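Chains, contacts and geometry: an overview
Below are the chains, spelled out letter by letter.
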Amino acid sequence: QVQLVESGGGLVQAGGSLRLSCVASGRTISMGWFRRAPGKEREFVAYAPWRGGSVYYADSVKGRFTISRDDAKNTGYLQMSSLKPEDTAVYHCASHRSGNYWLSSSYDYWGQGTQVTVSS
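Residues numbered from 1 in each chain as written. Predicted model: local features only at pLDDT ≥ 70, side-chain atom pairs only at ≥ 80, totals over all residues. Heavy atoms only, no water.

Applying the stated criterion across every chain, the model contains 6 salt bridges. For R27, the salt bridge identified is with D108, shortest N-O distance 3.6 Å. Note that R27 is positioned in the loop between β3 (18–25) and β4 (31–36) and D108 in strand β10 (residues 107–110), a separation of 81 residues in sequence. Residue R27 is classed as partly exposed on the basis of its relative accessible area of 41%. Overall, D108 belongs to the partly exposed group, its relative accessible area being 28%. Ionic pairing is found between D87 and R35, a salt bridge with its closest N-O pair at 2.9 Å. Of the two residues, D87 is situated in the loop between β8 (75–80) and β9 (89–96) and R35 in strand β4; the sequence distance between them amounts to 52 residues. A relative accessible area of 0% places D87 in the buried class. Taking relative accessible area as the criterion, R35 reaches 5% and is therefore assigned buried. (Salt bridge = Lys/Arg side-chain N within 4 Å of Asp/Glu carboxyl O. Helix = DSSP H or I, 4+ residues; strand = E, 2+ residues; numbered from the N terminus. Buried < 20%, exposed > 50% of the residue type's maximum accessible area, 1.4 Å probe, protein only.)

So, on to empty space enclosed by the protein. Across all of its chains, the model carries 1 cavity of 30 Å³ or more by this definition. Roughly 110 Å³ of internal volume is contained in the largest cavity. A24, R27, T28, I29, M31, R69, D70, D71, N74, T75 and G76 are the residues that line the largest cavity. Counting residues per element, the ones that place at least two in the lining of the largest cavity are β7 (65–70) and β8. (1 Å grid on protein atoms, 1.4 Å probe; cavity = no way out; pocket = protein on both sides within 12 Å on 5 of 7 lines; lining within 4 Å. Points joined across faces, edges and corners; volume = space filled by probe spheres on them.)

Attention now moves to the sheet that holds β7. Spatially, the 4 strands line up as an open sheet ordered β1-β3-β8-β7, and their pairing is antiparallel. Unpaired on one side and paired on the other, β1 (3–7) and β7 mark the two borders of the sheet. Across this sheet, the average inter-strand angle for adjacent strands is 20°, counted without regard to direction. Sheet analysis places β3 next to β8, joined by 6 bridges and oriented antiparallel. Across the sheet, residue S21 finds its bridge partner in β8, namely Y77. (Pairing = 2+ DSSP bridges. Axes fitted to C-alpha atoms, helices over the stretch in contact; angles between N-to-C directions.)

These results come straight from atomic positions and should not be treated as a statement about function.
Laid out in structure tokens, this is it:
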């Protein structure tokens, strides 16, 4: 099995930046990031396959967020810049199993989540 632990969330002003970390144990994974805002459905944010190649972003974060990884540390990162109040949510990293990367049902293991709050 895979265990995932997120960190790096917090309170930031609009326009600011924040970097989330996700430490994975068990095996090298293709990592996705999802978020859930109050009263809203879980939303796909970004995805990076373990073999490398193209990474993918939701249109709402494209150009502002960057997904990366450090395989030596078994850690994935989500660098968030130009943050907006609508980015406020609990962010989860997850291990991709199979299927479409933008669907939460394609992931088998999830971190506990880290809160990101963006003030106006």
